[in-house]
Amino acid sequence: MTTKTTEKVATWRKVVAGVLFAIPWIFYLLLPLYNTAQPELGGVPFFYWFQTLWLVVSSILFIIAVFILYPGRR
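Residues numbered from 1 in each chain as written. Predicted model: local features only at pLDDT ≥ 70, side-chain atom pairs only at ≥ 80, totals over all residues. Heavy atoms only, no water.

Enquirer: I'm lost on the packing of helix 1 (residues 11-29) against helix 3 (residues 46-69) in this one. Help?
Expert: In helix packing, the relevant descriptors are the interaxial angle and the interaxial distance, both defined with respect to the helix axes. Two elements in contact, helix 1 and helix 3, have axes separated by 9 Å at closest approach and are oriented at 170°. Between helix 1 and helix 3, the angle is such that the two are roughly antiparallel. Mapping the contact onto sequence places Arg13, Lys14, Val16, Ala17, Leu20, Phe21, Ile23, Pro24, Phe27 and Tyr28 in helix 1 and Gln51, Trp54, Leu55, Ser58, Leu61, Phe62, Ile64, Ala65, Ile68 and Leu69 in helix 3. Grouping the amino acids of the contact of helix 1 with helix 3 by side-chain chemistry returns 16 nonpolar, 2 polar and 2 charged. (Axes fitted to C-alpha atoms, helices over the stretch in contact; angles between N-to-C directions. Helix = DSSP H or I, 4+ residues; strand = E, 2+ residues; numbered from the N terminus. Parallel < 35°, antiparallel > 145°, perpendicular 65-115°, else oblique. Contact = heavy atoms within 4.5 Å. Nonpolar A, V, L, I, M, F, W, Y, C, P; charged D, E, K, R; others polar.)

Take a look at the structure:
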């Protein structure tokens, strides 16, 4: 099902949403900064729990970006 929208999205909303979408990609590309085994958290190396943490952070940022792009549809 496709919904047709006639309302325009403000430019500042697009820019802020774009930045929120880009933040996780930037952190994922900075792999050499967090490609270490220390410190461990519950026996899990830093590399794994840092990426898992960023999955949650990315989801939150994506949800915020969608709410900014489509403020009237909740």
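Enquirer: Please clarify how helix 1 should be interpreted in this entry.
Expert: Helix length check: helix 1 (19 residues) gives 27 Å between terminal C-alpha atoms against 27 Å at 1.5 Å per residue, within 8%. Buried within helix 1 are the following residues: Ala17, Leu20 and Pro24. Turning to helix 1, the residues buried within the fold contact helix 3. (Expected span 1.5 Å × (residues − 1). Buried < 20%, exposed > 50% of the residue type's maximum accessible area, 1.4 Å probe, protein only.)

Enquirer: Explanation requested: the packing of aromatic side chains in the structure shown.
Expert: Where two aromatic rings form a pair, the distance of their centres and the angle of their planes describe that pair. Here the structure, examined in full by the defined rule, presents 6 aromatic pairs. An angle of 90° between the planes, with centres 4.9 Å apart, marks the rings of Phe46 and Trp49 as edge-to-face. You can see Phe46 and its partner Trp49 sitting in helix 3, 3 residues apart, about one turn around the helix. For Trp49, a relative accessible area of 24% translates into the label partly exposed. (Phe/Tyr/Trp six-rings, centres within 6.5 Å; stacked < 30°, edge-to-face > 60°.)

Function-wise, these values are silent; they only describe arrangement.
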